[in-house]
Amino acid sequence: IPVAASMAVTFTTLPSVLNSKKISRPFKESFVAIDSMIEKCMPAATPRFNRRAILIRLIAYPVLFYAAAVASMYAYQRSLLYFPDAKTYSQTYYSVVGFEDVTVTTEDGHELTSWYAPAKPDKKTILVFHGNAGSFHSRAHDFMPLVNAGYGVMLAEYRGYGGNKGTPTETGLYQDADAYVHYLLDEKGVSPYTLVLYGESLGTGIATEMAVRYPDISALVLESPFTSMVDITALHYPYIPAPNLLVRDRYDTISKASQIKMPTLVLYGDHDVVVPGDMSQQVFDAITARKDVKIIPNAGHIEVRAHGGLKALQDFLETLQ
């Protein structure tokens with residue numbers, strides 16, 4: 001019955017599918033080519049050979065659909081990874097105060113704008129790398145308690161996000177992060193011994209890379225870290241073959257964790273379905289430097305700071321004073 005139903009669906013819907021404007025020309029041509037090959041292999045239009053043609057089509061079409069789906073995901077994988085909000089917002093819009101507009105220039109010539117609140121004397125500065133969706137603006141309110149307590153906060157923004165030109169890639173985002181580190185150290189005079197790297201979700205891969213590049217930085221905070229984008233792809237897209245060969249932007253945190261030399265705090269929610277807690281725990285376990293972990297109860301992927309993560313961050317910062 002399932003086979004008969006599949007055959008019925010395949011052959012009753014195929015003409016309309018091929019005529020659809022949503023199907024690209026190469027895919028249509030592929031279907032036509034396969035159909036022609038099948039016809040040439042069938043020497044006569046007898047019931048026996050008709051049945052064979054039906055069976056071949058029943059195998060060929062799903063394979064082609066699957067190959068086309070995998071090829072499309074490979075070609076457009078960055079559209080599935082990065083979800084930028086390209087708009088700019090005022091501090092009033094998000095009910096925040098105390099930030100100044102800053103512009104940094106990357107090694108490859110991109111000018112990036114973001115917000116920066118300078119630290120008061122004897123207070124740390126937190127350089128924040130946000131996740132893959134939205135922009136830095138929507139995170140500003142979360143860090144206002146730190147600004148009010150005198151901590152410095154730099155809300156880094158990436159190319160393609162928050163009004164910045166460009167297209168995000170792993171290499172590009174590392175260049176963006178590097179520009180912010182140099183801006184704070186070289187232009188604002190922030191000491192590496194008072195600088196704290198903070199990564200949220202995708203930003204944990206960026207923060208980890210900076211921690212490896214700049215081992216003298218004071219501390220590292222990883223909110224909802226993942227082992228690698230290859231592992232995340234395998235988790236959420238189990239039908240994709242060999243993600244280790246197909247994924248371009250890898251953010252391979254787990255391979256760098258043992259190179260982290262600074263005190264590190266790991267935060268994650270026990271209700272996270274985007275980056276499961278056991279994956280964040282793997283990252284924590286792989287870190288050999290001084291470390292601490294805070295598992296936030298009843299917190300999903302974007303609820304860590306609101307459910308106690310910010311308090312855990314403040315407590316951690318006090319231990320660094």
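Given the structure is predicted, the values throughout are model-derived calculations rather than measurements.

Overall, the predicted model of the chain reaches an average pLDDT of 87, with 82% of residues at or above 70. Within the model, the stretch residues 1–14 combines pLDDT values under 50 with 11 contacts to residues more than four positions away or in other chains.

It is the contact of helix α6 (residues 170–187) with helix α7 (residues 202–213), at a shortest axis distance of 10 Å, that shows an interaxial angle of 55°. By the angle between their directions, the pair α6 and α7 is classed as oblique. For α6 against α7, the interelement crossing comes out right-handed. When α6 is examined against α7, the residues L173, Y174, A177, D178 and V181 are found in contact with a partner set consisting of L202, G205, I206, E209, M210 and R213. Its residues assigned to classes, the contact of α6 with α7 shows seven nonpolar, one polar and three charged.

Before going further, it helps to spend a moment on the pattern of salt bridges. On inspection of all chains with the given rule, the structure shows 12 salt bridges. In this structure, the salt-bridge partner of E209 is R213, at a minimum N-O distance of 2.9 Å. Here R213 and E209 lie together in helix α7, a separation of four residues that amounts to about one turn. Residues participating in the shared-partner salt-bridge network are R139, D142, E200, E223 and R305.

Turning next to the side chain of T208. Considering the arrangement of structural elements, one finds T208 in helix α7. With relative accessibility at 0%, the residue T208 sits in the buried group. T208 has contacts with L220, L222, T253, K256 and I260, leaving out every residue within four places of it along the chain.

Quick look at the environment of I240 now. Tracing the sequence through the fold places I240 in the loop between α8 (229–236) and α9 (243–246). I240 sits 167 residues away from M73 along the chain, and the two C-alpha atoms are 8.8 Å apart. Residue contacts for I240: discarding those within four places in its chain leaves Y66, V70, M73 and L246.

The next point concerns the packing of aromatic side chains. This model, assessed by the stated rule, comprises nine aromatic pairs. Taking 4.9 Å as the distance between ring centres and 35° as the angle between the ring planes, the aromatic pair formed by Y89 and Y93 counts as tilted. Note on Y89: relative accessible area 18%, which makes it buried. With centroids separated by 5.1 Å and ring planes inclined at 75°, the aromatic side chains of Y93 and Y94 adopt a geometry described as edge-to-face.

In this model, A242 sits at a positive phi of 45°, which is unusual for a non-glycine residue. By the secondary structure assignment, A242 is in the loop between α8 and α9. Of note in the backbone geometry, Y251 takes a positive phi value of approximately 45° without being a glycine. Along the polypeptide, Y251 turns up in the loop between α9 and α10 (253–256). Classification of Y251 as buried rests on a relative accessible area of 0%.

Scoring rules and cut-offs
Residues numbered from 1 in each chain as written. Predicted model: local features only at pLDDT ≥ 70, side-chain atom pairs only at ≥ 80, totals over all residues. Heavy atoms only, no water. pLDDT = per-residue confidence, 0-100. Contact = heavy atoms within 4.5 Å. Axes fitted to C-alpha atoms, helices over the stretch in contact; angles between N-to-C directions. Helix = DSSP H or I, 4+ residues; strand = E, 2+ residues; numbered from the N terminus. Parallel < 35°, antiparallel > 145°, perpendicular 65-115°, else oblique. Left-handed = near helix turned anticlockwise from the far one by under 90°. Nonpolar A, V, L, I, M, F, W, Y, C, P; charged D, E, K, R; others polar. Salt bridge = Lys/Arg side-chain N within 4 Å of Asp/Glu carboxyl O. Buried < 20%, exposed > 50% of the residue type's maximum accessible area, 1.4 Å probe, protein only. Phe/Tyr/Trp six-rings, centres within 6.5 Å; stacked < 30°, edge-to-face > 60°.

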